[in-house]
Amino acid sequence: MVDGNGRPLVALLGPGQAGDAPMFPHLMRHLRVARAGRGRCRTRPDRVRGDKAYSSMAIRRHLRARGITAVIPEPADQIGHRKRRGSRGGRPPAFDAADYRGRNVVERRFNLLKQRRGLATRYDKLAIVYRSAVVLHAVITWTKALSDTPFRSDVPTDRL
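Only a predicted model underlies this, so the values are computations on that prediction, with no experimental measurement involved.

**Description of the overall build of the chain**
And step 1. Broken down by element type, the chain carries seven helices and two strands.
And step 2. Secondary structure elements of the chain occur, N-terminal to C-terminal, as α-β-α-β-α-α-α-α-α.
And step 3. Over its C-alpha atoms, taken along the principal directions, the chain stretches across nearly 60 × 40 × 25 Å.
And step 4. Here the chain holds 160 residues, and 23% of them are scored as buried.
And step 5. Sequence-distant contacts in the chain: of pairs separated by 6 or more residues, those separated by 24 or more amount to 42%.
And step 6. With an accessible surface of roughly 11,800 Å², the chain has 53% of that area assigned to carbon and sulfur atoms.

**So, the nonpolar core**
And step 1. In this structure, F24, M28, V48, Y54, I59, L63, I68, A70 and I72 together form the largest nonpolar core, which totals nine residues.
And step 2. Of all elements in the fold, only helix 1 (24-30) and helix 2 (57-65) reach the threshold of two or more residues within this core.
And step 3. Apart from residues lying up to four places away in sequence, I68 is in contact with M28, R44, P45, D46, R47, V48 and L63.

**A closer look at the environment of A120**
And step 1. Structurally, the position occupied by A120 is in helix 6 (residues 117-121).
And step 2. Note: C-alpha distance between A120 and A34 (86 residues apart in sequence) is 30 Å.

**Side note on a nonpolar patch on the surface**
And step 1. On the surface, L126, I128 and V129 cluster together into a nonpolar patch covering about 300 Å² of accessible area.
And step 2. Among the structural elements, I128 can be located in helix 7 (residues 127-146).
And step 3. For I128, a relative accessible area of 66% translates into the label exposed.

**Comments concerning helix 5 (residues 104-113)**
And step 1. Among all positions of helix 5, only V105, R109 and L113 are buried. Down the axis of helix 5, the buried side of the element spans an arc of 80°, and every buried residue falls inside it.
And step 2. Contacts made by the buried residues of helix 5 are with helix 6 and helix 7.

**Observations concerning the pattern of salt bridges**
And step 1. This structure, assessed with the given rule, holds six salt bridges.
And step 2. The partner of R7 in a salt bridge is D3, and the shortest N-O contact between them spans 3.0 Å.
And step 3. Judged by its relative accessible area of 21%, R7 is partly exposed.
And step 4. In this structure, R103 and E107 form a salt bridge, with 2.9 Å as the shortest nitrogen-oxygen distance.
And step 5. R103 sits in the buried class, given a relative accessible area of 14%.
And step 6. Given a relative accessible area of 32%, E107 falls into the partly exposed group.
And step 7. One connected set of salt bridges, linked through shared partners, spans R47, R49 and D99.

**Focus on the side chain of S55**
And step 1. On the secondary structure map, S55 appears in the loop between strand 1 (47-49) and helix 2.
And step 2. In terms of polar contacts, S55 uses its side chain to reach the side chain of R60, at 3.1 Å.
And step 3. There is a polar contact of 3.0 Å between the side chain of S55 and the side chain of Q78.
And step 4. Non-local contacts of S55, meaning those with residues more than four positions away in its chain, are made with R60, I72, P73, E74, P75 and Q78.

**Structural notes on helix 2**
And step 1. Where helix 2 is concerned, the buried positions are I59, R60 and L63. When helix 2 is viewed along its axis, its buried side chains cluster within an angular range of 95° and face the same direction. For helix 2, the exposed residues set more than 90 degrees away from the buried face come down to M57, A58, R61, R64 and A65.
And step 2. Contacts from the buried residues of helix 2 go to helix 1, strand 1 and strand 2 (69-71).
And step 3. Two residues or fewer past helix 2, G67 is found with a positive phi of approximately 75°.

Conventions used here
Positions within a chain are numbered from 1, following the residues in the order the chain's sequence is written. Thresholds applied to this predicted model are a pLDDT of at least 70 for local features of residues and 80 or more for the giving and counting of side-chain atom pairs; totals over whole chains, interfaces and linings are not thresholded and use all residues. Only hydrogens and water are set aside when side-chain values are computed; all heavy atoms of the structure are taken into account. Under the scheme used here, helices are H or I runs from DSSP no shorter than 4 residues and strands are E runs no shorter than 2 residues, and both carry numbers assigned from the N terminus. The classification of residues rests on relative accessible area computed with a 1.4 Å probe and restricted to protein chains. Under 20% of the type maximum is buried, over 50% is exposed, and intermediate values are partly exposed. Throughout, a contact is declared for two residues whenever any of their heavy atoms are within 4.5 Å. In short, Shrake-Rupley with a 1.4 Å probe defines the accessible areas, and a residue's cover is counted only from the protein chains shown. We call a set of buried residues a nonpolar core when its members are Ala, Val, Leu, Ile, Met, Phe, Trp, Tyr or Cys and they connect through side-chain atoms within 4.5 Å of each other. Excluding any residue in a salt bridge, patches collect residues exceeding 30% relative accessible area, merging like charges within 9 Å and nonpolar Val, Leu, Ile, Met, Phe, Trp and Tyr side chains within 5 Å. For salt bridges, the criterion is a side-chain nitrogen of Lys or Arg within 4 Å of an Asp or Glu carboxyl oxygen. What the arc covers is the set of directions going from the helix axis to the C-beta atoms. As used in this structure description, the phrase polar contact means that two N or O atoms lie within 3.5 Å; if the pair is within protein, one of them must be able to donate a hydrogen and the other to accept it, and residues adjacent in sequence are counted only when both atoms belong to side chains.

Here it is in structure tokens:
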């Protein structure tokens, strides 16, 4: 899970065969964003952008219960099922196409993460070693973002 600028917020490791959607409640449970001033960490984002894999009723219900705006497109099969049911199918979920364009930030972060050969090929046998590489990448990303000195572009980042 990343913020609007592509900086990692939560990194969880799940079974390789499982989909992304079953991990969503666990990601939301671990989300903590520190406030600028005093006070408890925020655990509720303003909105969640996701792809069609996150369009399940359970995820939408979870977000609605917490007052979080879901910017998730509806897959074609769900549209067909809803239309087939007629008036009993309910309303289509709200979708803001202009806001959805910001989801590319997540994809770009994953692409940067996959630039690291060890993560892309998944050579690590132990999950803790793989997760530590993901966390190290997150630390480097946040260090660059919070640094007050310009980052040297002549040093390869895969060697840091």
